[in-house]
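An overview of the molecular structure
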Amino acid sequence: MTIVTPSDVHLDFEELADEALDLAEPIFVRRPGKEGVAIIAEAELRSLIETAHLFGTRANARRILEALDSADRGDGKAMTLEELRRELGLGDGER
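These numbers come from a predicted model, not from an experiment.

As a further point, take the pattern of salt bridges. Within this structure, the stated rule accounts for 3 salt bridges. E42 is the partner of R46 in a salt bridge, and the nearest nitrogen-oxygen pair spans 2.8 Å. A residue pair is termed a helical-turn pair when its members lie 3 or 4 positions apart in one helix, as R46 and E42 do in helix 2 (residues 42–54) at 4 residues. As far as burial versus exposure is concerned, R46 and E42 are alike and both exposed. Of the charged contacts in the structure, one is a salt bridge between K77 and E87, with a shortest N-O distance of 3.8 Å. Pair noted here: K77 is in the loop between helix 3 (58–73) and helix 4 (81–87) and E87 is in helix 4, with a separation of 10 residues, a long-range link.

Here is the structure:
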């Protein structure tokens, strides 16, 4: 975990941004007397927002966790993308 000061950010923002991307970890900026902030890769933030959305309701979280448990047990059947499209009535798989 990298923790820096606002002065560090002012002097080396590009390097810190690259570090956040390269390590796939946020850079924490501690501000004296104020709440801290973080520099985080855009893709990572979007992923966190999507995950929070998917787990936003108890019912949806339960369905996701049950599906993961089912997959871990080996339930279900393997199929190609084309087979899945046909099963769901989404056409013959041609684009």
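Turning our attention to helix 3. The terminal C-alpha atoms of helix 3 lie 22 Å apart, and with 16 residues this matches the ideal 22 Å at 1.5 Å per residue to within 8%. Directly beyond the C-terminal end of helix 3, a positive phi value near 85° is found at G74.

To continue, consider the nonpolar core. The nonpolar side chains of a soluble globular protein tend to be buried with one another. V4, V9, L16, A20, I27, V29 and I39 form the largest nonpolar core, which has 7 residues in total. Elements with a contribution of two residues or more to this core: helix 1 (6–23) and strand 2 (27–31). Take this core: its biggest share by element is 3 residues, from helix 1.

A separate point is the pairing of strand 2. Direction of pairing for strand 1 (residues 2–4) relative to strand 2: parallel, over a ladder of 3 bridges. Residue pairing in the sheet places T2 in a bridge with I27 of strand 2. The parallel pair strand 1 and strand 2, bridged by helix 1, forms a crossover whose chirality is right-handed. The pairing of strand 2 with strand 3 (residues 34–39) spans 4 bridges and is classified as antiparallel. Paired with R31 across the strands is K34, a residue of strand 3.

Conventions we followed
Per-chain numbering applies: the sequence of each chain, read as written, is numbered from 1 onward. Reporting in this predicted model follows two pLDDT cut-offs: at least 70 for local features of residues, and 80 or more for side-chain atom pairs to be given and counted; totals over whole chains, interfaces and linings ignore these cut-offs and use all residues. Side-chain measures were taken over the full set of non-hydrogen atoms in the model, leaving aside hydrogen atoms and water. Note on definitions: salt bridges are taken to be side-chain nitrogens of Lys or Arg within 4 Å of carboxyl oxygens of Asp or Glu. The helix count covers DSSP runs of H or I at least four residues long, the strand count covers runs of E at least two residues long, and both are numbered beginning at the N terminus. The classification of residues rests on relative accessible area computed with a 1.4 Å probe and restricted to protein chains. Under 20% of the type maximum is buried, over 50% is exposed, and intermediate values are partly exposed. Expected span of a helix: the number of residues minus one, times 1.5 Å. Here, nonpolar core refers to any group of buried Ala, Val, Leu, Ile, Met, Phe, Trp, Tyr and Cys residues whose side-chain atoms link them within 4.5 Å. DSSP-based pairing: two strands are paired if at least 2 bridges between them are found. Handedness of a crossover is defined as follows: orient the strands so they point away from the viewer, and if the path from the first strand over the helix to the second runs clockwise, the crossover is right-handed.

Shape is all these values report; function is a separate question.
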